[in-house]
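Geometric and topological summary
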Amino acid sequence: MTEIERHAFDVVVIGAGGAGLRAAIEARSRGMRTAVVCKSLFGKAHTVMAEGGIAAAMGNVNPNDGWQVHFRDTMRGGKFLNNWRMAELHAKEAPERVWELETYGALFDRTKDGRISQRNFGGHEYPRLAHVGDRTGLELIRTLQQQIVALQQRDFQEFGDYEAGLRVFGECTVTDLLVESGRVAGAFGYWRESGRFLLFEAPSVVLATGGIGKSYKVTSNSWEYTGDGHALALRAGAALINMEFVQFHPTGMVWPPSVKGILVTESVRGDGGVLRNSEGRRFMFDYIPEVFKEKYADNETEADRWYDDPDHNRRPPELLPRDEVARAINAEVKAGRGSPHGGVFLDIASRLPGEEIQRRLPSMYHQFRELADVDITREPMEVGPTCHYVMGGVEVDPDSAASGVPGLFAAGEVAGGMHGSNRLGGNSLSDLLVFGRRAGMGAASYVESIGQDRPTPVESEVDNAARWALAPFGERGPDGPPENPYTLQMELQQVMNDLVGIIRRSDEMEQALKKLDDLGRRVRNVMVEGHRQYNPGWHLALDLRNMVLVSECVARSALERTESRGGHTRDDFPQMDPEWRHQLLACELEHSESGESRADRMDGVRVLRRPQPAMRPDLLALFELAELTKFYLAEELAEHPSEKG
Amino acid sequence: MGYQAHFRVWRGDADSGALRDFRVEVNEGEVVLDVIHRLQATQCPDLAVRWNCKAGKCGSCSAEINGRPRLMCMTRMSTFAEDETVTVTPMRTFPLVRDLVTDVSYNYAKAREIPSFQPPADLAPGEYRMQQVDVQRSQEFRKCIECFLCQNTCHVVRDHEDNEQAFAGPRYLMRVAELEMHPLDTADRHQDAQTQHGLGFCNITKCCTEVCPEHIKITDNALIPLKERVADRRYDPLARLFRRRKE
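Fair warning: this is a prediction, and the values are worked out from it, not measured in the lab. (Residues numbered from 1 in each chain as written. Chains lettered and ligands numbered in written order. Predicted model: local features only at pLDDT ≥ 70, side-chain atom pairs only at ≥ 80, totals over all residues. Heavy atoms only, no water.)

Digging into the overall build of chain B
- Scanning chain B from N- to C-terminus turns up 10 helices and seven strands.
- Over its C-alpha atoms, taken along the principal directions, chain B stretches across nearly 70 × 40 × 30 Å.
- A total of 247 residues make up chain B; the buried ones form 55% of that total.
- Long-range contacts, defined as pairs at least 24 residues apart, comprise 62% of the intrachain contacts of chain B with a sequence gap of at least 6. (Helix = DSSP H or I, 4+ residues; strand = E, 2+ residues; numbered from the N terminus. Buried < 20%, exposed > 50% of the residue type's maximum accessible area, 1.4 Å probe, protein only. Contact = heavy atoms within 4.5 Å.)

Observations regarding the overall build of chain A
- When helices and strands are counted, chain A shows 20 helices and 22 strands.
- Relative to the 2.2 N^0.38 estimate, which gives 26 Å for 645 residues, the radius of gyration of chain A is 24 Å and therefore close to what a compact globule would have.
- The principal-axis extents of the C-alpha atoms in chain A amount to approximately 75 × 55 × 55 Å.
- Evaluated residue by residue, chain A yields a buried proportion of 67% over its 645 residues. (Rg over C-alpha atoms; globule rule 2.2 N^0.38 Å.)

Topic: the side chain of His-124 of chain A
Residue and element names in this part refer to chain A.
- Assignment of secondary structure puts His-124 in the loop between strand S5 (118–119) and strand S6 (129–130).
- With relative accessibility at 6%, the residue His-124 sits in the buried group.
- Within the local environment of His-124, its side chain forms a polar contact with the side chain of Arg-128, the two groups lying 2.9 Å apart.
- The contact partners of His-124, leaving out residues within four places of it in the chain, are Ala-55, His-70, Asp-73, Leu-129, Leu-424, Gly-425 and Asn-427. (Polar contact = N/O pair within 3.5 Å; in protein donor to acceptor, adjacent residues only side chain to side chain.)

Examining the sheet that holds strand S2 (residues 11–14) of chain A
Residue and element names in this part refer to chain A.
- Read from one edge to the other, the open sheet built from five strands follows the order S7-S3-S2-S11-S18, with strand pairing classed as parallel. Whereas interior strands pair on both sides, the edge strands pair on one side only; in this sheet they are strand S7 (166–169) and strand S18 (408–410). Pairwise comparison of adjacent strand axes, ignoring direction, gives a mean angle of 20° for this sheet.
- Where S2 and strand S3 (residues 34–37) come together, four bridges link them in parallel fashion. Counted as the bridge partner of Val-12 is Ala-35 from S3. (Pairing = 2+ DSSP bridges. Axes fitted to C-alpha atoms, helices over the stretch in contact; angles between N-to-C directions.)

A short note on the pattern of salt bridges
All names here are of chain A.
- A full pass over the atoms with the stated rule returns 80 salt bridges over all chains.
- In this structure, Asp-304 engages Arg-351 in a salt bridge whose closest nitrogen and oxygen atoms are separated by 2.8 Å. Taken together, the residues span a long stretch of sequence, with Asp-304 in helix H7 (residues 300–306) and Arg-351 in the loop between strand S15 (344–347) and helix H9 (354–360) at a distance of 47 residues.
- Of the charged contacts, one joins Arg-522 and Glu-483 as a salt bridge, the two residues approaching to 3.0 Å between their closest N and O atoms. Of the two residues, Arg-522 sits in helix H14 (residues 506–523) while Glu-483 sits in the loop between helix H12 (459–470) and helix H13 (485–499), which places them 39 residues apart along the sequence. (Salt bridge = Lys/Arg side-chain N within 4 Å of Asp/Glu carboxyl O.)

Points about the interface of chain A and chain B
- If you look at the interface, chain A gives 64 residues, while chain B gives 61 residues.
- Both faces combined, the contact of chain A with chain B buries some 5,300 Å², and carbon together with sulfur accounts for 51% of it.
- Our count for the contact surface shared by chain A and chain B stands at six salt bridges.
- The partner of Arg-50 of chain B in a salt bridge is Glu-171 of chain A, with the nearest N and O atoms 2.7 Å apart. (Buried area = accessible area lost by both parts, 1.4 Å probe.)

Considering the packing of H13 of chain A against helix H15 (residues 536–560) of chain A
All names here are of chain A.
- Viewed as axis vectors pointing N to C, H13 and H15 meet at an angle of 25°, and their least axial separation amounts to 9 Å. Classified by the angle their axes make, H13 and H15 are roughly parallel. Read as a crossing pair, H13 and H15 show a hand that is left-handed. Along the contact surface, H13 presents Pro-485, Tyr-486, Leu-488, Gln-489, Leu-492 and Met-496, while H15 presents Pro-536, Gly-537, Leu-540, Ala-541, Leu-544, Met-547, Val-548, Ser-551 and Val-554.
- Along the lines of polarity and charge, the residues of the contact of H13 with H15 split into 12 nonpolar, three polar and no charged. (Parallel < 35°, antiparallel > 145°, perpendicular 65-115°, else oblique. Left-handed = near helix turned anticlockwise from the far one by under 90°. Nonpolar A, V, L, I, M, F, W, Y, C, P; charged D, E, K, R; others polar.)

Here we look at the environment of Gly-56 of chain B
Residues and elements named next belong to chain B.
- Looking at the element boundaries, Gly-56 is found in the loop between helix H1 (32–42) and strand S3 (62–65).
- Relative accessible area serves as the criterion here: at 9%, Gly-56 is assigned to the buried category.
- Along the backbone, Gly-56 and Gly-169 are 113 residues apart, and their C-alpha atoms lie at a distance of 22 Å.
- When near neighbours in sequence (up to four residues on either side) are disregarded, Gly-56 contacts Leu-71, Cys-73, Met-74, Ile-145 and Glu-214.

Things to note about the domain arrangement of chain B
All names here are of chain B.
- Domain boundaries in chain B define domain 1 (3–102) and domain 2 (105–246).
- In this structure, domain 1 and domain 2 have C-alpha centres spaced 32 Å apart.
- If you look at the interface, domain 1 gives 14 residues, while domain 2 gives 17 residues.
- For domain 1, the biggest contributors to the area lost against domain 2 are Pro-69, Thr-93 and Phe-94; these three give 44% of the whole.
- Linking domain 1 to domain 2 there are two salt bridges.
- Notably, a salt bridge pairs Arg-158 with Glu-64, separated by 2.9 Å at the nearest N-O pair. (Domains from an automatic or database assignment.)

Re helix H6 (residues 170–180) of chain B
- Burial of H6 of chain B is extensive: 11 of the 11 residues sit out of reach of the surface.
- For H6 of chain B, the set of buried residues is Pro-170, Arg-171, Tyr-172, Leu-173, Met-174, Arg-175, Val-176, Ala-177, Glu-178, Leu-179 and Glu-180 of chain B.

Re the environment of Leu-19 of chain B
All names here are of chain B.
- The residue Leu-19 is located in strand S2 (residues 17–26) in this model.
- On the basis of relative accessible area, Leu-19 is assigned to the partly exposed category, the value being 39%.
- For the pair Leu-19 and Val-176, spaced 157 residues apart in the sequence, the C-alpha separation amounts to 38 Å.
- When near neighbours in sequence (up to four residues on either side) are disregarded, Leu-19 contacts Arg-8, Val-9, Trp-10, Thr-87, Val-88 and Thr-89.

Details of the UniProt feature "domain: FAD-dependent oxidoreductase 2 FAD-binding" (unreviewed entry) in chain A
- Here, UniProt's "domain: FAD-dependent oxidoreductase 2 FAD-binding" (unreviewed entry) annotation points to residues 10–429 of chain A.
- Counting secondary structure, residues 10–429 of chain A comes out at 29% helix and 18% strand; the distance between its end C-alpha atoms is 26 Å. (UniProt positions renumbered as here; feature names shortened; annotations may be inferred.)

Examining the domain arrangement of chain A
All names here are of chain A.
- Taken domain by domain, chain A comprises domain 1 (4–49 + 134–246 + 389–457) and domain 2 (253–386).
- Using only C-alpha atoms to locate each centre, domain 1 and domain 2 end up separated by 36 Å.
- Contacts between the two partners involve seven residues from domain 1, matched on the other side by 12 residues from domain 2.
- Around 740 Å² of area is buried between domain 1 and domain 2 when both sides are counted, 52% of it from carbon and sulfur atoms.
- By the criterion of area lost to domain 2, the three top residues of domain 1 are Asp-134, Val-218 and Ser-220, representing 61% of everything that side buries.

Given below as structure tokens:
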């Protein structure tokens, strides 16, 4: 039917953030002809938004740090729901991945003796985050981008063609994966600029598409975060795990509307910033949970002493884990003690001299001055929770990043398991590097292993993919009134924000599922105006399908998990339940055999329970038994050395 | 609180197009990009605009607002009078794709022409030692968000398309300076800056510095020092003698 541009590659990486670029570098270095396909221009991926740093136990600032300490912190942060093998690999390999960036030309801030400086962050026992001021994500993306260019320059010298072995397809969206006899055969997409279709014939695909935050009304995520990789994996037959766990960062900007949701870094609180309600009260003292009472100060005097003398005082409660702070802010606003624009006040102005604030938090100072007309050295900021990160994602093999579908790999935010029910700040950038590389390796080994036995995409499937992509132009004909994609997106964001947000209840989630079902039907009736050349309405119409599907996974899993843990808080089940610790929820898509188009063959999301594999005894032994008993059932701890005597 | 603003937005493609007038709602605290998005959602769903982070960090939404090269996400509506017409046009230097979107591939082509970082052969990963004071100079240039506003503004290419071949533009000359000042880079770069990347075209009018949303002192801190290094090497009599001997 339509004319389609065709390309053949060994490995196709979808997404050009930290994970995608690191995967591409690895695949190319292992001799694979590699493509990177990304929705934005090369170098604009959401990774640039990361501020704090990359967590890696290099021990440059405190030599007591090591992979075991990092591993423990990560498991605690995730409330022991993490895939322990991923957490182990991550903690062990993160330092090498950071040092490798220096060989690509990265310039991190330095310690006095010339090594990479490391900073403190929530949940990390020692100063651990390699950083460049508060723009670490930009450094990461630019370094990897420049390493891709370096590899291309090598190819140019050898073959006279920059793109002989590694090509970036910028502003290009993948709408479908092609699967033949259960194996990956390629990917189908379109150029955003021209609307022309492309077919990638490739035996392996690495998903590195990031998260799903754009399904929420208030989010720190950019427009790209529409859950594309999550949805592509589901439709290809892979499973998603942990989708009920969504991290709400406690401090996003709430005003002005144009920047609602944009992140205010945790470092503001780390450097002395405090949260106050409309009555001027430092309310976090009212929200210290029982399990944290030993570690957090219950009065302002002690809390304020901690900044200078952390060894003899308890931490200020503003530095509780992200989920606790987000819930507290939410409760204050609901109780009518919020700020004028529906947040609370974050005050650094009365805590530090103006010059000191500008020195420590340059980008926050700049962000508020330029975007909100607020001088944070003189007045408090207004902040509130913002959807920040999804812990859930494609179920993968920890070592190879392989999904359940042969040839399909996933790394970074789109992969699930590593962070359990809650991610620590700083563990995302390291995750991208460690598992981006492993996914590149995994894909390369897979391609080598199948030799000449490569599946080829079936033409009728390619035609179906093209038809499905063109449906919003009305070639199929709607079976209801035509819908506007922008309106549907706003409705979806409202549903997820109101009914599957920070605090969840079964009746609200059931209501959300009804609304999502209705939205799913209406999305099929979306009609767009104009033609295929750079048409944002059409682009959104296609992304919307992914957003609705992934939102359904979040809502269904959240309804199923009848406990509160990390990024999943149930008003009707407020306690953490050890019976749930060893159970994961997996989402799969039911396929029916009949039906004309792909959409007709998608039946709905099914949620299955999966047992969490028991942690290896040597890793379990890294924890004190007393700590584990807070999370584990007694019979699960029989292997612990103190139990065995 | 809200008011109806008069917007004039370029609509069209490489073949034809025109400025179109719109009345559009503006609310307190909004930026130009918010208003463009409102136009998309309510009046012209196919209005093409490139954007991403909406916080001045990714450098995607570059355009010319009332003739000034700016990021749309960092231009607050409160900087205009309510009765002022706000004109939004695509970056002029680059070929038009559609509406506010231009073809910026020139920049990516130039990026490939700058030889990459060359690490020292004798240092293993993890052995790099550098002082903060030494990395700081290059770190300033690495704040660049690649919005390409400096490339768009520089008159060397803005007014003379023919120079595109020989001139890398401020962003990529700054990249040469960044690598040149990298404490551990082993390549010799300043002659190339002159002969390969067109440093000589720059006559330090500082237009690039003026439009940089990251406030990088491109001219003062990158281009002028690079010119000085080139000049030192070229006209230093001892170095000349040494060069001649080598030859």
